[in-house]
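Chains, contacts and geometry: an overview
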Amino acid sequence: MTPTRAPIRIAVLGAGTVGAEVAAQLLEHREEFEARIGAPIALSGVAVRDLDATRTRALPRELLTTDSRSLVLGANIVVELIGGVDQARELVLLALESGADVVTGNKALLATHGPELFAAAERVGAQLNYEAAVGGAIPIIRPLRDSLAGDHVRRILGIVNGTTNFVLDRMDEEGLGFDEALAEATRLGYAEADPTGDVSGADAAQKAAILAGLAFHTTVPLEKVWVEGITGVTADQVRTARAAGQVVKLLAICERITAPDGTEGVSARVHPALLPRTHPLAAVRGANNAVFVQAESAGNLMFYGAGAGGPETASAVLGDLVSAARRHVIGGPGLIGSAGADLPVLDHGVVETRYQITLAVRDEPGVLARLAGIVSERGVSIETVEQSRAGSDGTASLVVGTHRAREAALAATVEALRDAAEVEAVLGVLRVEGE
Ligand code: NDP
Ligand code: HSE
């Protein structure tokens, strides 16, 4: 190829785990990228905070700058990989308003300011690509946005946080406790120094908001994603699940649902759940991610792979970059998100699921019947009950599995059981999915 036009100027913001890899690959494989794009490209600079910081990939010193704004204003494509929300938002808006396309892997930014950024992109006809924001290397944004745009996605079940999947996997495989498994994840570099955002479910919630928005063509605000993390999952629950042919996974679940009053809407939630070991997501091991999509015509689809890592995430970022650069060559309007369906995001209480409730109870006549009464009075139906032999203190453990019911009724049932004189303690509650 003989480049005849001015190079497409690319600015990379951030040279951390992902940014350094993206910049290094752009320099190493420039000719290959130019052949794919059909035009010359130039990495015009890489913005960092500290010019002297040690990098995972060596970058030419003259490309590094702390002046992000000037770099953005001189670019055709801005690759935002600094993370965080406020400065990233400012720089992405500056890029879009100056007519540049943007590629980002920033789920926190998109989950909190997505609609504002998509509107800015649409105003100027720019692209805002974010394949790396959910599932790292896994192509899931483009399939939902483009390939499935002619179908109706009914439900998404996703393992979208590698740290928590690693922790739960170690608890399952080795019988470790939560703290021990998390310490191992930290030692091996899977968990951040501060893993709060992972174990609390906050990271997965950001990804759930993005997935639900795309799948249902609806804006799903982050604050409407219902979240429970994995800090309360016990070694006992994981062991019991294993013995019953189940596995505990932190799931992001996005669904189209109908409220009792007939309102059609959507919901997004993140919580630990029991899955049968035969479910495709049960086979997702270690720090891997997977997204299981159920669509009306396409049926069940599964997208699987590495959810994080420098080279892995750079693959998704560079794919977005090539796509944006090709538009500079062939022209045409920017690719934008679609929120045209504008469905209501329904309250968590109307979601349907199944509960498995583990109780410590007095092993006395009539206890089972009274507890069954408490459950049925709330409109919940029991599917299974398993009681262990009572210990010397007269306490037995009772595992109650319910049929599908609305969250509000199930939560009210747990509260009533907690208050019942026959119940010494509610030892655990896990939702059951994927059956
Ligand atoms: P890092 O923390 O490793 O790197 C961030 C980089 O941004 C650093 O080089 C830092 O500079 C630079 N930076 C931070 N603030 C500024 C600023 N205001 N101006 C200029 N530079 C700045 O982040 P990651 O590479 O891990 O992540 C980048 C993005 O990709 C995040 O949005 C993340 O959520 C997303 N992502 C990351 C994945 C991963 O596996 N790491 C997976 C999927 C998505 P300095 O080095 O000088 O401190
Ligand atoms: N902390 C995230 C995880 C990184 O553990 O999956 C990728 O978003």
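Residues numbered from 1 in each chain as written. Chains lettered and ligands numbered in written order. Predicted model: local features only at pLDDT ≥ 70, side-chain atom pairs only at ≥ 80, totals over all residues. Heavy atoms only, no water.

Section: the overall build of the chain
Check the secondary structure of the chain and you find 14 helices and 17 strands. Taking 2.2 N^0.38 as the reference for a compact globule, 435 residues should give roughly 22 Å; the C-alpha atoms of the chain span a radius of gyration of 24 Å, in line with that estimate. Counting only C-alpha atoms and orienting by the principal axes, one finds that the chain spans roughly 90 × 50 × 35 Å. Counting every position in the chain, which comprises 435 residues, the buried fraction comes to 53%. Taking the intrachain contacts of the chain between residues at least 6 apart in sequence as the baseline, contacts between residues at least 24 apart amount to 73%. (Helix = DSSP H or I, 4+ residues; strand = E, 2+ residues; numbered from the N terminus. Rg over C-alpha atoms; globule rule 2.2 N^0.38 Å. Buried < 20%, exposed > 50% of the residue type's maximum accessible area, 1.4 Å probe, protein only. Contact = heavy atoms within 4.5 Å.)

Digging into the site of ligand 2
With respect to spatial proximity, the complete set of residues near ligand 2 consists of Lys107, Asn161, Gly162, Thr163, Asp198, Asp203, Lys207, Gly307 and Ala308. Between Asn161 and ligand 2, the recorded distance is 3.4 Å, taken from a side-chain N or O atom to an oxygen atom. Within the side chain of Thr163, an N or O atom sits 2.6 Å from an oxygen atom of ligand 2. In the complex, the protein chains occlude 84% of the 260 Å² of accessible area that ligand 2 would expose alone. Of all the secondary-structure elements, those providing two or more residues to the shell around ligand 2 are helix H7 (162-174) and helix H10 (202-216). (Near = heavy atom within 4 Å. Polar contact = N/O pair within 3.5 Å; in protein donor to acceptor, adjacent residues only side chain to side chain. Areas by Shrake-Rupley, 256 points an atom, 1.4 Å probe, with all protein chains shown as cover.)

Concerning the domain arrangement of the chain
The domain architecture assigned to the chain consists of domain 1 (8-137 + 311-330), domain 2 (141-306) and domain 3 (351-432). The gap between the C-alpha centroids of domain 1 and domain 2 is 27 Å. Summed over both partners, the interface of domain 1 with domain 2 buries about 1300 Å², with 61% contributed by carbon and sulfur atoms. At the junction of domain 1 with domain 2, the criterion picks out two salt bridges. Measuring nitrogen to oxygen at the nearest pair gives 3.4 Å for the salt bridge that ties Lys107 to Asp203. Where domain 1 touches domain 2, the interface holds five residue pairs in polar contact (both at pLDDT 80 or more). Looking at the side of domain 1 that touches domain 2, the elements that each hand over two or more residues are helix H5 (107-124), strand S6 (128-129) and helix H12 (310-330). (Domains from an automatic or database assignment. Buried area = accessible area lost by both parts, 1.4 Å probe. Salt bridge = Lys/Arg side-chain N within 4 Å of Asp/Glu carboxyl O.)

With respect to the pairing of strand S2 (residues 41-47)
Across the seven residues that make up S2, a large majority, five, are buried. Sheet topology places strand S1 (residues 8-13) next to S2; six bridges connect them, and they run parallel. Bridging from a neighbouring strand, Arg9 pairs with Ala42 of S2. (Pairing = 2+ DSSP bridges.)

Here we look at the layout of surface pockets
Within this model, the second largest pocket holds a volume of roughly 610 Å³. Mapped onto the lining of the second largest pocket, the elements with two or more residues apiece are helix H11 (235-243), strand S13 (352-362), strand S14 (382-387), strand S15 (395-402) and strand S17 (423-432). For the lining of the second largest pocket, the per-class residue count stands at twelve nonpolar, twelve polar and four charged. Counting contributing residues, the lining of the second largest pocket receives three or more from each of domain 2 (141-306) and domain 3 (351-432). (1 Å grid on protein atoms, 1.4 Å probe; cavity = no way out; pocket = protein on both sides within 12 Å on 5 of 7 lines; lining within 4 Å. Points joined across faces, edges and corners; volume = space filled by probe spheres on them. Nonpolar A, V, L, I, M, F, W, Y, C, P; charged D, E, K, R; others polar.)

Remarks on the site of ligand 1
In the region of ligand 1, 23 residues are neighbours, and Ala15, Val18, Asp50, Arg55 and Gly309 sit closest. Between ligand 1 and Thr17 there is a distance of 3.0 Å, counted from an oxygen atom to a backbone nitrogen or oxygen. A distance of 2.7 Å separates an oxygen atom of ligand 1 from a polar backbone atom of Asp50. About the coverage of ligand 1: the protein hides 80% of its 900 Å² of free accessible area. Grouping the constituent residues of the shell around ligand 1 by class yields eight nonpolar, eleven polar and four charged.

Considering helix H14 (residues 407-419)
Its 13 residues place the ends of H14 18 Å apart at the C-alpha level, agreeing with the 18 Å of an ideal helix rising 1.5 Å per residue. Turning to H14, its buried residues number three or more, namely Glu407, Ala409, Leu410, Thr413, Val414, Ala416 and Leu417. Contacts from the buried residues of H14 go to S13, helix H13 (367-377), S15, strand S16 (405-406) and S17. (Expected span 1.5 Å × (residues − 1).)

Here's the deal with the packing of aromatic side chains
What the rule picks out here adds up to two aromatic pairs. Between Phe166 and Tyr190 the ring centres are 4.5 Å apart and the planes differ by 35°, which places this aromatic pair in the tilted class. Taken together, the residues Phe166 in helix H7 and Tyr190 in the loop between helix H8 (178-187) and helix H9 (196-199) connect sequence positions 24 residues apart. Just above the ring of Phe33 sits the side chain of Arg36; from NZ or CZ to the centre is 5.9 Å. (Phe/Tyr/Trp six-rings, centres within 6.5 Å; stacked < 30°, edge-to-face > 60°. Lys NZ or Arg CZ within 6 Å of the ring centre and 35° of its normal.)

What about the nonpolar core?
Counting 77 residues, the largest nonpolar core has Val78, Ile140, Leu144, Ile156, Leu211 and Val293 as the members making the most contacts within it. If one sorts the elements of this core by residue count, H10 sits on top with ten residues. With 33 residues, the next largest nonpolar core counts Ala39, Leu63, Ala314 and Ala325 among its residues. (Core = buried A, V, L, I, M, F, W, Y, C linked by side-chain atoms within 4.5 Å.)

What about the sheet that holds strand S5 (residues 101-104)?
Strand order in this open sheet of six strands is S3-S2-S1-S4-S5-S6, and the pairing throughout is parallel. The open sheet has two edge strands, strand S3 (64-65) and S6, and neither has a second partner. Sheet topology note: the S2/S3 ladder contains two bridges and is parallel. Each residue of the ladder has a partner; that of Val46, found in S3, is Leu64.

Focus on the side chain of Gln237
Along the chain, the position of Gln237 falls in helix H11. The class of Gln237 is buried, set by a relative accessible area of 13%.

What to know about helix H4 (residues 86-97)
Counted at 1.5 Å a residue, the expected span for H4 with its twelve residues is 16 Å, and the 16 Å between its end C-alpha atoms agrees. Buried within H4 are the following residues: Ala88, Leu91, Val92, Leu93, Leu94, Ala95 and Leu96. Gly99 sits one or two residues past H4 and shows a positive phi near 95°.

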